[in-house]
Amino acid sequence: MDEEKTFGAYIRRKRLEAGLTQKDLAVRLFLTESSVSKWERNLSYPDVSLVPAICRELHISEHEFFTACDDDQKHAQERTAAVRRAVGSALRRLCLAGYAIAVPVCLIVDWVVFRSLDWFWIVLAGMALAFCFTNLPWLIRRERISISLGAASVCLLLLLLACWHYAGGHWLMAGLAITAASLALPWSWRAAWRHYGKHAVPLCVALASGWVFLLLAVIRAFTGGDWLLRAGYPLAALGVVFLWACYGCLRWVPGGAWAKAGAVLVLAALAVPAFNGLCAFLLPEYHTGNIPWLNRLVFLATLAAGLVLLAVGGAQKMQKNRPE
């Protein structure tokens, strides 16, 4: 954005036209000189309660003041959007070039070296699945998410069939059932976002909470064993509690993104010993690989990172609430 068109440049120009120095304006507004300097360097905006006094000292109307603010924010948003579009476009071109190179190379290698086309179908299905997430959404104008999700679901099933064709065995029906149960989650999320936009986030968390128990039941139906009620559901319940706790942190913890991320990391740190302890209680026969020092290291590192982020978020909140 042109520096001459920023809000800070506008304030500076009007101050000079009024024959005031930064110190003069600060004294008249009962502020520090650094506050005015921050405005003119686009590091902060004046508090809304100061707008009438600023307009009086700079001989401008409040409409002119807020128009300058709106123009400044609009230009900043346009610049950010342009950068995002450019980065996204470059990444999509890079992915497309990777697909264009990988597919023919794998085709030639599989045919020339192995004299057949077997594992190539796995590569092709995998590339098609990746394409559904990296490039396909930007080629569609309407119903972008639904069409991309549908294409990804089909490609995932084709990938499963390609793996079965290459490896053989009697696991195909189990694989199809588990894949169908897995696909139930993104499709239910899509329906929630489409029909319940206002309450979509808690609804998606609730759907994920129920889905994990469904998926474990489907896996148990094909694998057998007594692990589902003995260990699977209790561990899944602990995971669901952690999921809802994270949702609560993201929604209600004050202090911005840094503080919310810190609260989630603190929860993750507390979840490590809780999960390990529950595993040791429910599955003592499979707990021989536990490494106590590594668990303590993960706990301390995660807890320290969470506390640091909480401190950063708290400091940012205090700085925003501090009067200019």
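As shown above, the structure is provided for reference.
Residues numbered from 1 in each chain as written. Predicted model: local features only at pLDDT ≥ 70, side-chain atom pairs only at ≥ 80, totals over all residues. Heavy atoms only, no water.

1. Looking at a nonpolar patch on the surface
On the surface, Ile101, Val105, Leu107, Ile108, Val109, Trp111, Val112, Val113 and Phe114 cluster together into a nonpolar patch covering about 850 Å² of accessible area. Checked against the element boundaries, Ile108 lands in helix H5 (residues 62-114). (Patch = residues over 30% accessible without salt bridge, like charges linked within 9 Å, V, L, I, M, F, W, Y side chains within 5 Å. Areas by Shrake-Rupley, 256 points an atom, 1.4 Å probe, with all protein chains shown as cover. Salt bridge = Lys/Arg side-chain N within 4 Å of Asp/Glu carboxyl O. Helix = DSSP H or I, 4+ residues; strand = E, 2+ residues; numbered from the N terminus.)

2. Details of the environment of Thr32
One can find Thr32 in the loop between helix H2 (22-28) and helix H3 (33-40). With a relative accessible area of 43%, Thr32 lands in the partly exposed category. Within polar-contact distance, the side chain of Thr32 engages the side chain of Ser34 at 3.0 Å. Reaching out from Thr32, the side chain makes a polar contact with the side chain of Ser35 at a distance of 3.0 Å. (Buried < 20%, exposed > 50% of the residue type's maximum accessible area, 1.4 Å probe, protein only. Polar contact = N/O pair within 3.5 Å; in protein donor to acceptor, adjacent residues only side chain to side chain.)

3. Notes on the side chain of Glu40
Its location among the elements puts Glu40 in helix H3. A distance of 2.5 Å separates the side chain of Glu40 from the side chain of Arg15, its partner in a polar contact. There is a polar contact of 2.8 Å between the side chain of Glu40 and the side chain of Gln22. In this view, Glu40 contacts Gly8, Ala9, Ile11, Arg12, Arg15 and Gln22; residues no more than four positions away in its chain are not counted. (Contact = heavy atoms within 4.5 Å.)

Shape is all these values report; function is a separate question.
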